[in-house]
Amino acid sequence: MRALGPIIVMSLAAINACQAQTPTSGAGPQLAEDIQAVPAKIGKISVTQAYVKPPFPGRNVAAAFLDIQSQGAPDRLIAATSDISSNMEIHTHIEDNGVMKMRRIEGVDLPADTPQKLQPGGYHLMMFDTLIPEGQTQAELVLRFESGQTVRVMAPISGGDGAPDSHGSSDGYGSHN
């Protein structure tokens, strides 16, 4: 019976820790201290207008879009990860013989004090092997910069109705040739 004492104490401590993190209002999930809701300004980087377009039915590729700015000094977005995607790449669109195609790029330059849009038809974040749990309305995006700074934001998940969009194809994400 003595061996159960420490187990019971540990179990109660775990339950208390979980309850302390449970939201008490309908305001949505509470964020960890280092994750910011959009818009966010963390260090010299500000992020606004972030959202994730979910995969179309039967697909597992999503895309993330946002406005980003480096204040005071140039920087470069070099990588991104998310809680809903096992692989993210930075992409742009190029014209190849009159056809717009997406291509992976190594990064997006952020000139000092100049907003850079990651948007449909331009720079964007492709999210592969995406899995969005039922009812989840936000995705965590972790953005890494050449300066060493990391910015974590929560972006709403919206769209994905299957209608053609500015990516140029009926699946919403164009050609990856």
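Computed from a predicted structure; not experimentally measured.

A. Quick peek at the environment of Thr150. Among the secondary structure elements, Thr150 is positioned in strand β12 (residues 150-156). Residue classification places Thr150 among the partly exposed positions, given a relative accessible area of 38%. For Thr150 and Leu77, which are 73 residues apart along the polypeptide, the C-alpha to C-alpha distance reads 9.6 Å. Sequence-distant contacts of Thr150, defined by excluding residues within four places in its chain, comprise Val142, Leu143 and Arg144.

B. The pattern of salt bridges, seen in detail. Summed over the entire model, instances satisfying the criterion amount to six salt bridges. Residues Arg76 and Asp109 are paired through a salt bridge, measuring 2.6 Å at the closest nitrogen-oxygen approach. On the criterion of sequence distance, the pair formed by Arg76 in strand β5 (residues 75-82) and Asp109 in strand β8 (residues 108-110) is long-range, its members being 33 residues apart. Residue class for Asp109 comes out partly exposed when judged on its relative accessible area of 47%. A salt bridge links Glu89 to Arg104; its shortest N-O distance comes to 3.8 Å.

C. Main features of the nonpolar core. In terms of nonpolar packing, the biggest core is built from 27 residues, with Val47, Val52, Leu66, Ile68, Leu125, Leu141 and Leu143 touching the most fellow members. At the level of secondary structure, the elements contributing two or more residues to this core comprise β3 (45-53), β4 (62-70), β5, β6 (85-96), β8, β10 (124-130), β11 (138-145) and β12. Sequence-distant contacts of Val52, defined by excluding residues within four places in its chain, comprise Ala62, Ala63, Ala64, Ile84, Met127, Ala139, Leu141, Ala155, Pro156, Ile157 and Ser158. With six residues, the next largest nonpolar core counts Val61, Ala63, Phe65 and Met102 among its residues.

Scoring rules and cut-offs
- Residues numbered from 1 in each chain as written.
- Predicted model: local features only at pLDDT ≥ 70, side-chain atom pairs only at ≥ 80, totals over all residues.
- Heavy atoms only, no water.
- Helix = DSSP H or I, 4+ residues; strand = E, 2+ residues; numbered from the N terminus.
- Buried < 20%, exposed > 50% of the residue type's maximum accessible area, 1.4 Å probe, protein only.
- Contact = heavy atoms within 4.5 Å.
- Salt bridge = Lys/Arg side-chain N within 4 Å of Asp/Glu carboxyl O.
- Core = buried A, V, L, I, M, F, W, Y, C linked by side-chain atoms within 4.5 Å.

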